[in-house]
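Commentary on secondary and tertiary structure
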Amino acid sequence: MDLTQKFKKNKDIVYKEEGDGAFLFDPATGNLKYMNRSGKETFLSLNDQQDLNQAVNYMLGQFPDENRRRIEKDLEPFIKELEENGFLFPLHRE
Amino acid sequence: MTSLYLYLTDHCNLCCSHCWISPKFSEQKQNGLPLDSLKKAISEAGSLGLQSVKLTGGEPFLYRHIVGLLAFLAEEQIDVLIETNGTLINRDMVEHLKSCNLDQLSISLDAATEKVHDQIRGVKGSFRRTLKGLELLSRHDLNFQIIMTLQGRNRQEIPGVIKLSEKLGAGSLKINPLIPCGRGKEVFEHKHNLKLEELLQLYYMVQKRWPPKKGLSIIFDLPVAFLSIEEIKQKGIKQCPIMNILGVLGNGDISICGIGQTVHDLRMGNIRRDSISEIWQNSSILKDLRRSLPGKLKGVCEHCIFKFQCLGACRANAYALTGDLYAPYFLCQESFESGLFPPSRYI
């Protein structure tokens, strides 16, 4: 996985916190996902100014007992799912 | 089309206070639909993608040609789901059930005590007869589900029914809230139904006291908006099946499901004279549903984050109550108006 990739959130989706986690819902497509606490924190850490490396660093700060490799491993399918559902878009490099 | 719901007869040997179909009472076998007409309709539906058939009623085992129908469905390798009160299941019937592709056999049991069950089912001795049927299924290792419909009279019976379901070896127990349709309307008029707050309390109690484990699976059939995240993850989201089914009533009339029994304007033809595929492809009711769900859902359903998956819980019920296929589901709307709808699930 390319950890230097940056992502942009779809501005039309709805983010709703529930319990420790949060729902993502796209009213245009009906796509829906519930993220647990670590998913929610990851999602919140993503923005078009930060690459995935920075997101991993942020997650390490939130979950100090986890190791970097594990976080990176979990990140890949998570990001892929968010992309497939149209919740995130990769930013194209210039 | 994935499934046909066959309301094999509009008669039943019980007289349940809450039945949403309101069949006529009879203990006699019923001729119902000619078997040939049913076979023709099922074969025609096969070309539309039919995978399963749900046999219900009235009481499906009152249908005189049930054995012939089961044999035909076995030959055609169509999955069979049955909803019954279980009072007419005997050894012979168990053998017939064993030889078809039985996907689900659901037996109604509203209490673990004879008095309460018989009171709700309107016929003395029905508890014993249903129990006999259940024991027979259990002895022959046939997988079955128990369905309990909740109202004021049996709210205390939940622990007993769970215990009895476990003892009998049921695969699952489905706890249904009562719906104000057919005879169920009268239960609401007499205020014998449970209020939403009470239903939610019972749901939380069941979740807490009987968490998911091996063996009996408990399905509390509330709209997804009220279910816990854990339960949604584990069991998925139940969708109103209206986009994938057709109902055939006891007189052969074709409707969107069993609702045609009580709401005549949702009938679209009759299997004796009309083609199932023609109706499936050209009915204005079905075309409108396909164009408009979930986009035209109203009230709280319009703003619910589950609307694409849930499709408004039960469209037939919405229509029966309001005459509008896109009206919000009554429990969800009531909860929204009383401030009980989860805000995290509303946009």
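Criteria and cut-off values
Residues numbered from 1 in each chain as written. Chains lettered and ligands numbered in written order. Predicted model: local features only at pLDDT ≥ 70, side-chain atom pairs only at ≥ 80, totals over all residues. Heavy atoms only, no water. Helix = DSSP H or I, 4+ residues; strand = E, 2+ residues; numbered from the N terminus. Buried < 20%, exposed > 50% of the residue type's maximum accessible area, 1.4 Å probe, protein only. Contact = heavy atoms within 4.5 Å. Areas by Shrake-Rupley, 256 points an atom, 1.4 Å probe, with all protein chains shown as cover. Lys, Arg positive; Asp, Glu negative; His and termini not counted. Charge placed at Lys NZ, Arg CZ, Asp CG, Glu CD. Buried area = accessible area lost by both parts, 1.4 Å probe. Salt bridge = Lys/Arg side-chain N within 4 Å of Asp/Glu carboxyl O. Pairing = 2+ DSSP bridges. Axes fitted to C-alpha atoms, helices over the stretch in contact; angles between N-to-C directions. Right-handed = clockwise from strand over helix to strand, strands pointing away. Parallel < 35°, antiparallel > 145°, perpendicular 65-115°, else oblique. Left-handed = near helix turned anticlockwise from the far one by under 90°. Nonpolar A, V, L, I, M, F, W, Y, C, P; charged D, E, K, R; others polar. Phe/Tyr/Trp six-rings, centres within 6.5 Å; stacked < 30°, edge-to-face > 60°. Expected span 1.5 Å × (residues − 1). Arc of directions from axis to C-beta. Disulfide = S-S within 2.5 Å.

Description of the overall build of chain A
- Along chain A, the regular secondary structure elements total three helices and five strands.
- Ordered by position from N to C terminus, the α and β elements of chain A give β-β-β-β-α-α-α-β.
- Principal-axis analysis of the C-alpha atoms places the extent of chain A at approximately 40 × 35 × 20 Å.
- Looking at chain A as a whole, 40% of its 94 residues qualify as buried.
- Here the analysis covers contacts within chain A between residues at least 6 apart in sequence; of these, 55% occur between residues at least 24 apart.
- Working note: accessible area of chain A is about 5,500 Å², and carbon and sulfur atoms make up 44% of it.
- Mean positive and mean negative side-chain charge positions of chain A (14 and 18 charges, respectively) differ by 1 Å.

Let's talk about the interface of chain A and chain B
- Listed by partner, the interface residues are 12 residues for chain A and 13 residues for chain B.
- Summing the contributions of chain A and of chain B, the shared interface buries around 1,000 Å²; its carbon and sulfur component is 69%.
- Counting across the chain A and chain B interface gives one salt bridge.
- The salt bridge partner of R345(B) is E18(A), with a shortest N-O separation of 2.6 Å.

Re the sheet that holds strand β4 (residues 32-35) of chain A
All names here are of chain A.
- Within the open sheet, the three strands sit side by side as β2-β3-β4. Their pairing is antiparallel. Edge positions in the sheet fall to β2 (14-18) and β4, since each of these pairs with one other strand and no more. Across the sheet, the axes of successive neighbouring strands diverge by a mean angle of 20°, strand direction being ignored.
- Examined bridge by bridge, strand β3 (residues 21-25) and β4 share four bridges and lie antiparallel to one another. By the bridge assignment for β4, F25 is matched with L32.

Section: the pairing of strand β5 (residues 79-84) of chain B
All names here are of chain B.
- Bridge analysis of strand β4 (residues 52-56) against β5 gives four bridges, and the strand direction is parallel. Paired with S52 across the two strands is D79, which belongs to β5.
- A crossover connection joins β4 to the parallel β5 through helix α2 (residues 66-75); in handedness this β-α-β unit is right-handed.
- As judged from the five bridges shared by β5 and strand β6 (residues 102-108), these two strands associate in the parallel manner. Bridging from a neighbouring strand, E83 pairs with S106 of β6.
- Viewed along the sheet, the connection from β5 through helix α3 (residues 91-98) into β6 turns out right-handed.

Remarks on the packing of helix α1 (residues 35-46) of chain B against α2(B)
Residues and elements named next belong to chain B.
- Contact pair α1 / α2: the axes reach a minimum separation of 11 Å and the direction vectors enclose 25°. One element, α1, and the other, α2, form an angle in the roughly parallel class. α1 and α2 meet at a crossing whose hand is right-handed. Along its contact with α1, which presents L35, L38, K39, I42 and S43, the element α2 presents G68, L69, F72 and L73.
- A per-class count over the contact of α1 with α2 returns six nonpolar, two polar and one charged.

Here's the deal with the packing of aromatic side chains
- Here the structure, examined in full by the defined rule, presents 11 aromatic pairs over all chains.
- Pairing F23(A) with F306(B) gives two aromatic rings, centres 5.7 Å apart and planes at 90°, and the pair type is edge-to-face. Here the residue F23(A) occupies a position in strand β3, and F306(B) occupies one in the loop between α12 (299-302) and α13 (307-310), the pair thus bridging two chains.
- Ring plane angle 50° and centroid distance 5.6 Å describe the contact between Y203(B) and Y204(B), whose orientation is recorded as tilted.
- Judged by its relative accessible area of 1%, Y203(B) is buried.

Some remarks on helix α8 (residues 196-209) of chain B
Residues and elements named next belong to chain B.
- With 14 residues, α8 extends 20 Å between its outermost C-alpha atoms, agreeing within 8% with the 20 Å of an ideal straight helix rising 1.5 Å per residue.
- Inspection of α8 places L196, L199, L200, L202, Y203 and V206 among the buried residues, and these make up the whole buried set. The buried residues of α8 occupy an angular sector of 160° when projected down its axis, which confines them to one face. Opposite the buried face of α8, by more than 90 degrees, sit the exposed residues Q201, K208 and R209.
- Buried residues in α8 make contact with β7 (145-150), α6 (158-168), β8 (172-177), β9 (217-220), α9 (229-235) and α15 (330-337).

A closer look at the state of the cysteines
Residue and element names in this part refer to chain B.
- Taken as a whole and assessed by the stated rule, the structure comprises zero disulfides over all chains.
- Free cysteine C12: the closest other cysteine sulfur is in C16, separated by 5.8 Å.
- Using a relative accessible area of 9% as the deciding quantity, one classes C12 as buried.
- Its sulfur unpaired, C240 is 5.4 Å from the next cysteine sulfur, which belongs to C314.
- Owing to a relative accessible area of 4%, C240 belongs among the buried residues under this scheme.

Some words on the pairing of β4(A)
- Residues K33(A) and M35(A) of β4(A) are buried on one face, while the alternating residues L32(A) and Y34(A), pointing to the opposite face, are not.
- Joining the antiparallel neighbours β3(A) and β4(A) is a turn of six residues, in which G30(A) adopts a positive phi near 85°.

What about the sheet that holds strand β1 (residues 3-7) of chain B?
Residues and elements named next belong to chain B.
- The mixed open sheet is built from 10 strands, whose spatial order is β9-β8-β7-β6-β5-β4-β1-β10-β11-β12. Whereas interior strands pair on both sides, the edge strands pair on one side only; in this sheet they are β9 and β12 (267-270). Put simply, the sheet's adjacent strands are angled 20° from each other on average, direction ignored.
- Strands in contact with α8 are β7, β8 and β9; relative to β9, the strand with the most contacts, it is inclined by about 165°.

What about α15(B)?
Residues and elements named next belong to chain B.
- Within the sequence span of α15, burial applies to F330, L331, C332, Q333 and S335.
- For α15, the elements touching its buried residues are β8, α7 (184-189), α8, α12 and α14 (315-322).
- Positive backbone phi, at 75°, marks G339, one or two positions downstream of α15.

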